[in-house]
Amino acid sequence: MDALFIGQTYIDVTFITDHLPTGDEKHVASDYAVSFGGNAVTAAFCCAKLGIVPDLIATVANDWLGRMFQDMTAKYGISVHPRKVATSSLSFIMPKDGKRAIVRCRDDEHIHPFPVLNLGNCRALHVDGHQPDAAIHYAKLCREAGILTSLDGGGLRTNTHELLEFIDVAIVAERLCEQMHMTPEKMLDYLKSRGCKIGGVTQGERGLLWYDEGGTVRTQPAFPIPRDRVIDTNGAGDVFHGAYVFSYLHSPDKTWQHHFEFARAASTFKIQRLGNEAGLPTVADIQAVQREFAAMA
């Protein structure tokens, strides 16, 4: 095991339409994609596509969507340690004008306890706060073993405050700032107070506000991608997380500025493709994005 990711599984149905019908009305979308979804789950697929295949503790139901998900993980060679739920979770995503509206159907009532694994030679843990009992169990184990722990703080969970005590790298969304009534700057102070060695707030097209190993606050602007090339921003943050975990595993001697620059290029690749799977970059794809925008600087 190189890395362990823990999260909630979704099947994402993403479609592009200029009109959403109501009542008895019908309308034909212009394009669609069906893919895996979920924060840490998508990050795990990204890490696998880049070349380091993690293990994944994820919710899985014994239904046709669950079997579809297991087919997807098999394609990428991801070892899934399923946590059973009664029904699969589903997301309907409508990207438009650089934003995305989402309707979710979620089953997070776990039928069994989380699987207990031997971490072996694991070098990184990435969690998104779903499966809070599993997240804090493994975060504590990894912290004690000196294994890097990473959090995608997309929203406030039941034990976020407690979990952060065991997190090395906490990259959170502006939504968490809003839920906790904090400015991004105050959020960085809060993450420092919880003991996170690296902390940051993703701000979409305004980039990343973060602090480095020495506590210095930095800004990482987003690449100036033309608006007409932005197809689907959903999953961009998940790809960002998966890419920086890969970069850390691949080059642990590099700085976090390097890891986040790599991840920025990965998320820039993602937003130009419809659906999570189409938006997973290779290392060559990321290098191409970096070359393109280096030339524009």
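Details of the structure are given in the entry above.
Analysis parameters
- Residues numbered from 1 in each chain as written.
- Predicted model: local features only at pLDDT ≥ 70, side-chain atom pairs only at ≥ 80, totals over all residues.
- Heavy atoms only, no water.
- Helix = DSSP H or I, 4+ residues; strand = E, 2+ residues; numbered from the N terminus.
- Rg over C-alpha atoms; globule rule 2.2 N^0.38 Å.
- Buried < 20%, exposed > 50% of the residue type's maximum accessible area, 1.4 Å probe, protein only.
- Contact = heavy atoms within 4.5 Å.
- Areas by Shrake-Rupley, 256 points an atom, 1.4 Å probe, with all protein chains shown as cover.
- Core = buried A, V, L, I, M, F, W, Y, C linked by side-chain atoms within 4.5 Å.
- Pairing = 2+ DSSP bridges.
- Axes fitted to C-alpha atoms, helices over the stretch in contact; angles between N-to-C directions.
- Right-handed = clockwise from strand over helix to strand, strands pointing away.
- Parallel < 35°, antiparallel > 145°, perpendicular 65-115°, else oblique.
- Left-handed = near helix turned anticlockwise from the far one by under 90°.
- Nonpolar A, V, L, I, M, F, W, Y, C, P; charged D, E, K, R; others polar.
- Salt bridge = Lys/Arg side-chain N within 4 Å of Asp/Glu carboxyl O.

Asks: So what's going on with the overall build of the chain? Which residues, and what values?
Replies: Along its length, the chain carries nine helices and 13 strands. At 18 Å, the chain has a C-alpha radius of gyration in line with the 19 Å of a compact globule built from 297 residues. Counting every position in the chain, which comprises 297 residues, the buried fraction comes to 54%. Sequence-distant contacts in the chain: of pairs separated by 6 or more residues, those separated by 24 or more amount to 64%. Here the chain has roughly 13,400 Å² of accessible surface; of this, 52% comes from carbon and sulfur atoms.

Asks: Describe in detail the nonpolar core, supporting the description with residues and values.
Replies: Soluble, globular proteins show a tendency: their nonpolar side chains are buried together. Counting residues in hydrophobic clusters, the biggest one holds 53 residues, and the most contacted among them are Phe45, Phe69, Tyr244, Trp256 and Phe260. Discounting residues that sit within four places of it in the chain, Phe45 has contacts with Phe36, Phe69, Met72, Thr73, Tyr76, Ile78 and Leu280. Counting residues in each nonpolar core, the second largest holds 33 residues, with Leu117, Val127, Ile136 and Met187 among its members.

Asks: I'd like a description of the sheet that holds strand β2 (residues 10-16), backed by residues and values.
Replies: With respect to topology, four strands assemble into an open sheet ordered β3-β2-β6-β7, the strand pairing being mixed. Taken across any chain shown, the strands that pair with only one partner, and hence form the sheet edges, are β3 (31-37) and β7 (99-105). Neighbour to neighbour, the strand axes of the sheet diverge by 20° on average, direction disregarded. Where helix α2 (residues 64-76) meets the sheet, it contacts β2, β3 and β6 (90-96), and its direction lies at approximately 80° from that of β3.

Asks: Can you lay out the sheet that holds strand β1 (residues 3-7) for me, pointing to particular residues and giving the numbers?
Replies: The strand order across the open sheet formed by nine strands is β5-β4-β1-β8-β9-β10-β11-β12-β13, and the pairing between neighbours is mixed. If you trace the sheet from one side to the other, it starts and ends with β5 (79-85) and β13 (217-220), each paired once. Looking at each pair of strands side by side, their axes are set apart by 20° on average, direction ignored. With four bridges connecting them, β1 and strand β4 (residues 55-61) associate as parallel partners. Bridge assignment links Leu4 to a residue of β4, and that residue is Asp55. Against the sheet, helix α1 (residues 39-50) touches β1, β4, β8 (124-127) and β9 (148-153), its axis set at about 150° to β1.

Asks: Can you explain the pairing of β8? Please cite residues and give values.
Replies: Within a regular strand, the side chains alternate between the two sheet faces. A two-sided burial pattern is seen for β8, the buried positions comprising Ala124 and His126 on one face and Leu125 and Val127 on the other. Pairing geometry for β1 and β8, over four bridges, is parallel. Each residue of the ladder has a partner; that of Ile6, found in β8, is Val127. Judged from the four bridges that link them, β8 and β9 form a sheet pairing that is parallel. By the bridge assignment for β9, His126 is matched with Ser150. In this fold, the crossover linking β8 to β9 by way of helix α3 (residues 132-145) has right-handed handedness.

Asks: So what about unusual backbone geometry? Which residues, and what values?
Replies: Not every positive phi belongs to a glycine, and Gln131 is a case in point at roughly 50°. You can see Gln131 is positioned in the loop between β8 and α3. Of note in the backbone geometry, His181 takes a positive phi value of approximately 55° without being a glycine. With respect to the helices, strands and loops of the structure, His181 is situated in the loop between α5 (174-179) and α6 (184-193).

Asks: Can you tell me about the packing of helix α7 (residues 236-250) against helix α8 (residues 256-270), naming the residues and giving the values?
Replies: At a minimum axis distance of 8 Å, the contact between α7 and α8 shows a crossing angle of 140°. If you check the angle between α7 and α8, you find them oblique. Handedness of the crossing formed by α7 with α8: right-handed. Of the residues in α8, those in contact with Ala236, Val239, Phe240, Ala243, Tyr244, Phe246, Ser247 and Tyr248 of α7 are Trp256, His258, His259, Phe260, Phe262, Ala263, Arg264, Ala266, Ser267 and Lys270.

Asks: How would you summarise the side chain of Ser91 if you had to cite specific residues and measurements?
Replies: With respect to the element layout, Ser91 can be found in strand β6. Setting aside residues no more than four positions away along its own chain, Ser91 makes contact with Tyr10, Ile11, Asp12, Val13, Ile102, Val103 and Arg104.

Asks: Could you give an account of the packing of α1 against α2, naming the residues involved and the relevant values?
Replies: Between α1 and α2, the shortest axis-to-axis distance is 10 Å and the interhelical angle comes to 25°. One element, α1, and the other, α2, form an angle in the roughly parallel class. Residues Val41, Phe45, Ala48 and Lys49 of α1 form the contact with α2, whose participating residues are Phe69, Met72, Thr73 and Tyr76. Looking at the contact of α1 with α2 residue by residue, the class counts come to six nonpolar, one polar and one charged.

Asks: How would you sum up the pattern of salt bridges? Please name residues and give values.
Replies: This structure, assessed with the given rule, holds twelve salt bridges. As a salt-bridge pair, Asp168 and Lys197 come within 3.5 Å of each other at their nearest N and O atoms. A residue pair is termed long-range when its members are at least 10 positions apart, and Asp168 in the loop between α4 (160-164) and β10 (169-173) and Lys197 in the loop between α6 and β11 (198-202) qualify at 29 residues. What makes Asp168 buried here is its relative accessible area of 5%. Here Lys197 falls in the exposed class, since its relative accessible area comes to 54%. The salt bridge partner of Glu174 is Arg206, with a shortest N-O separation of 2.7 Å. Within this pair, whereas Glu174 is found in helix α5, its partner Arg206 is found in the loop between β11 and β12 (208-211), the two being separated by 32 residues in sequence. Taken together, the shared-partner salt bridges connect Arg143, Asp168 and Lys197 into one network.

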